[in-house]
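Understanding the architecture of this molecule
Each chain, letter by letter, is given below.
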2 protein chains.
Amino acid sequence: MDRIAKRQPMEGSEALDLLKSSSLSQLVQSEIQKIILSGRYSAGAKLNEKTLADQLGVSRGPVREAFQALHARGLVEMIPNRGVFVQRITRHDAVAIYDVRAGIFGTACRLLAERITADMVNELNVLLAQMEVAGQRRDIDAYFPLNIEFHTAIVTGTGNQVLADTYFGLISRLQLFRARGLVHGGGFESSNIEHRAIVAALDARDPHGAFEAGWAHVQAGKARILASDENTAGST
Amino acid sequence: MDRIAKRQPMEGSEALDLLKSSSLSQLVQSEIQKIILSGRYSAGAKLNEKTLADQLGVSRGPVREAFQALHARGLVEMIPNRGVFVQRITRHDAVAIYDVRAGIFGTACRLLAERITADMVNELNVLLAQMEVAGQRRDIDAYFPLNIEFHTAIVTGTGNQVLADTYFGLISRLQLFRARGLVHGGGFESSNIEHRAIVAALDARDPHGAFEAGWAHVQAGKARILASDENTAGST
DNA sequence: TGCCTTCGTATTGTCAACAATATGCAATGT
DNA sequence: ACATTGCATATTGTTGACAATACGAAGGCA
């Protein structure tokens with residue numbers, strides 16, 4: 001764990017974040033978030049204030065502030081006088097998150113369909129082609145980042161920052177759900193078919209079709225994850 | 001401003017909140033949120049740590065923690081070494097929030113259409129009737145809480161807590177937008193027509209129709225607010 | 001007059017100490 | 001053997017103090 005530097009302005013990797021946010025709590029927050037999402041702590045694990053503070057080289061104050069922000073983002077659970085724990089995402093929670101994500105992503109597609117440029121369509125088509133290649137090769141390490149880039153391009157392409165923030169908030173909570181196990185390979189083919197349907201609707205500037213395609217894609221993803229989870233563990 | 005009691009367990013109004021959350025920061029947070037949403041501070045106004053801490057009868061620590069949570073919820077803006085300010089919601093922001101709200105509310109309607117009970121339909125019909133009475137009487141004080149109850153019933157009726165939280169988060173940010181001025185009366189008639197369309201689709205268990213009705217209702221509300229804002233102030 | 005520098009004050013950022021609560025272990029009693 | 005009580009320890013909750021930064025007024029200079 002990288003010890004946060006004692007205020008020396010430029011310090012390697014995230015100098016930009018530092019310049020923008022400066023305050024230690026922001027730094028500590030993103031650091032703890034990284035730790036949580038990396039899956040280093042299992043779901044429900046306790047986050048000790050002093051331990052974390054020592055690891056990051058700060059006092060407990062900023063750590064406690066970071067906890068509050070992470071709690072508001074739904075990444076940790078706080079029990080008074082007991083402590084802070086990595087949020088447990090049950091199957092039931094995951095379903096709820098996926099349904100909201102379906103609505104948000106569908107909305108993104110719908111909004112994008114009304115304003116998408118030819119360049120953006122081309123960009124998505126390039127990603128589509130690359131994903132198909134990776135899919136045929138069963139190359140999950142190539143496929144995964146492309147898949148993320150595809151969804152990110154659509155969500156940020158709307159130009160709606162609130163939508164993007166909401167979407168990424170849901171994504172991070174889902175990361176928490178599948179933090180353990182779940183290679184969730186497979187489903188390349190169907191996933192690519194769904195991607196093509198989305199781009200087709202976007203290219204046709206068809207808001208309704210785009211929403212439906214986006215919604216259906218996330219719902220299909222939900223089904224795939226839940227099926228995969230069914231096989232690996234018997235979580236509540 | 002009610003001074004927060006010094007730990008005496010039961011203290012009038014929000015004893016339940018206290019029992020559940022206990023920690024001062026939670027209390028302070030909801031208190032500051034109330035202050036912000038009440039519109040007592042104008043948009044962009046500075047929130048002084050020590051002043052607030054003294055008003056609430058606590059030290060700066062819990063106040064700072066509350067700030068972090070409120071920042072994560074998008075209610076305040078934090079500038080390093082400068083302080084915390086009531087979040088400014090521009091017209092552009094409001095449009096973005098409304099678009100997301102349309103998607104979320106539409107999604108709520110869609111999900112609810114798949115699981116709504118006859119009792120729930122009746123409940124909504126009762127609210128519908130009451131709103132029509134209030135609308136015909138131009139009784140905004142009666143109409144407003146009914147309107148909120150109608151939307152809340154739909155959103156919570158889905159049983160999806162994540163969706164509800166997301167929705168209410170957007171609502172509170174919108175409250176920030178129209179905190180000043182904006183009586184936004186009028187539009188009763190059209191609003192009621194839209195409400196009827198929503199309930200009709202729900203009663204018909206028609207997910208697509210319900211989504212569209214919900215989406216259209218929020219979009220219409222957006223148009224009404226923006227038009228009203230056009231007349232009152234020239235915000236950015 | 002208008003602009004810049006300088007200094008005092010107010011405010012934020014961080015920390016370490018103190019108080020309150022919970023946890024785990026040992027001793028006691030049934 | 002098992003449950004219960006009491007104590008020692010660890011952890012959280014809160015506070016006040018100190019350091020660093022920003023703000024604003026007064027004064028000097030062109």
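Residues numbered from 1 in each chain as written. Chains lettered and ligands numbered in written order. Predicted model: local features only at pLDDT ≥ 70, side-chain atom pairs only at ≥ 80, totals over all residues. Heavy atoms only, no water.

Describing the overall build of chain A
The test is simple: What counts as a helix is a DSSP run of H or I of at least four residues, what counts as a strand is a run of E of at least two, and both are numbered from the N terminus. Note on areas: these come from Shrake-Rupley sampling with a 1.4 Å probe, and a residue is covered only by the protein chains present in the view.
Along the backbone of chain A there are 10 helices and 3 strands. In chain A, the succession of α and β elements from N to C terminus is α-α-β-α-α-β-β-α-α-α-α-α-α. As displayed, chain A offers around 11,300 Å² of accessible surface, 53% of which is attributable to carbon and sulfur atoms.

Regarding unusual backbone geometry
Phi at A:Arg138 takes a positive value of approximately 55 degrees, unusual for a residue other than glycine. Positionally, A:Arg138 belongs in the loop between helix 6 (118-136) and helix 7 (140-157). One non-glycine residue, B:Asn81, adopts positive backbone phi at about 65 degrees. Checked against the element boundaries, B:Asn81 lands in the loop between strand 2 (76-79) and strand 3 (83-86).

Considering the relation of the copies chain A and chain B
Stated precisely, the cut-off is as follows: Residues below a pLDDT of 70 in either copy are left out; the C-alpha atoms of the rest, at least 70 in both, set the least-squares superposition of the copies.
When chain A is fitted onto chain B, the two copies agree to an RMSD of 0.0 Å after a turn of 180 degrees and an axial shift of 0.0 Å. One copy is carried onto the other by what is essentially a two-fold rotation axis.

So, the interface of chain A and chain B
To keep things clear, this is the line we draw: The contact criterion used throughout is that any non-hydrogen atoms of two residues lie within 4.5 Å. Defined here as a combined quantity, buried area equals the accessible surface (1.4 Å probe) lost by two parts on assembly, summed across both. In what follows, salt bridge is the name for a side-chain nitrogen of Lys or Arg lying within 4 Å of a carboxyl oxygen of Asp or Glu. Whenever two N or O atoms come within 3.5 Å, that pair is a polar contact, provided that in protein one can donate a hydrogen and the other can accept it, and provided that, for residues adjacent in sequence, both atoms are side-chain atoms.
Contacts between the two partners involve 35 residues from chain A, matched on the other side by 35 residues from chain B. Taken over both partners, the interface formed by chain A and chain B buries close to 2,800 Å², and the fraction arising from carbon and sulfur atoms is 59%. Of all residues in chain A, the largest losses of buried area upon contact with chain B belong to A:Glu65, A:Gln68 and A:Val162, amounting jointly to 20% of the total for that side. Our count for the contact surface shared by chain A and chain B stands at 4 salt bridges. Notably, a salt bridge pairs B:Arg110 with A:Glu212, separated by 3.1 Å at the nearest N-O pair. The interface formed by chain A and chain B holds 8 residue pairs in polar contact (both at pLDDT 80 or more) in total. Contributing elements (two or more residues each) for the side of chain A that touches chain B: helix 1 (15-21), helix 2 (24-37), helix 4 (60-72), helix 5 (91-113), helix 8 (161-177) and helix 10 (207-232) of chain A. Considering each element in turn, the side of chain A that touches chain B owes the most residues, 9 residues, to helix 5 of chain A.

As for the side chain of B:His217
All names here are of chain B. What counts is decided by this rule: Relative accessible area decides the class of each residue, using a 1.4 Å probe on protein chains only: under 20% of the type maximum gives buried, over 50% gives exposed, and in between gives partly exposed.
Take His217: it is sitting in helix 10 (residues 207-232). Classification of His217 by relative accessible area gives buried; the value is 5%. Not counting chain neighbours up to four residues away, the residues in contact with His217 comprise Phe105, His151, Ser191, Glu194, His195, Ile198 and Arg224.

Considerations on helix 3 (residues 49-56) of chain A
Residue and element names in this part refer to chain A. To keep things clear, this is the line we draw: The directions considered for the arc run from the helix axis to the C-beta atoms.
Every buried residue belonging to helix 3 is among Glu49, Leu52, Ala53 and Leu56, and all of these are buried. With its buried residues spanning 100 degrees around the axis, helix 3 presents them on a single face. Packing partners of the buried residues in helix 3 comprise helix 2, strand 1 (46-47) and helix 4. A side-chain oxygen of the first residue of helix 3 lies 2.9 Å from the backbone nitrogen of Lys50; this N-cap is Asn48. Of the residues trailing helix 3, Gly57 is marked for its positive phi of about 75 degrees.

Some thoughts on the sheet that holds strand 1 of chain A
All names here are of chain A. Definition in use: Here a strand pair is declared whenever DSSP counts at least two bridges between the two strands.
Pairing in this open sheet of 3 strands is antiparallel, and the strands run 1-3-2 from one edge to the other. Two strands lie at the open edges of the sheet, namely strand 1 and strand 2 (76-79), each paired on one side alone. Where strand 1 lies against strand 3 (residues 83-86), 2 bridges are found, and the strand directions are antiparallel. Note that in strand 3 the partner of Lys46 across the bridge is Phe85.

Comments concerning the nonpolar core
For the record, the criterion: We define the nonpolar core as a collection of buried residues of types Ala, Val, Leu, Ile, Met, Phe, Trp, Tyr and Cys that are connected through side-chain atoms lying within 4.5 Å of one another.
Ranked by internal contacts, the top residues of the largest apolar core, which has 132 residues, are A:Ile32, A:Ile154, B:Ile32 and B:Ile154. Aside from chain neighbours lying at most four places away, what touches B:Ile32 is B:Leu52, B:Leu56, B:Val63, B:Ala66, B:Phe67 and B:Leu70.

Brief notes about the packing of aromatic side chains
Counted only if it meets this: Here a pair means two rings of Phe, Tyr or Trp (six-membered ring of Trp) with centres within 6.5 Å. Their orientation is stacked below 30 degrees between planes, edge-to-face above 60, and tilted elsewhere.
Applying the stated rule across the entire model yields 9 aromatic pairs over all chains. Seen in terms of ring centroids, A:Phe211 and A:Trp215 are 6.0 Å apart; in terms of plane orientation they differ by 25 degrees. Their pairing is stacked. With A:Phe211 and A:Trp215 both in helix 10 and 4 residues apart, this pair spans about one turn of that helix. For the pair shown, A:Phe211 and A:Trp215 are each scored as buried. Both rings, one in B:Tyr167 and one in B:Phe168, keep their centres 5.6 Å apart while their planes meet at 75 degrees; by these two values the pair is edge-to-face.

Bear in mind that shape data such as this cannot, by itself, settle questions of function.
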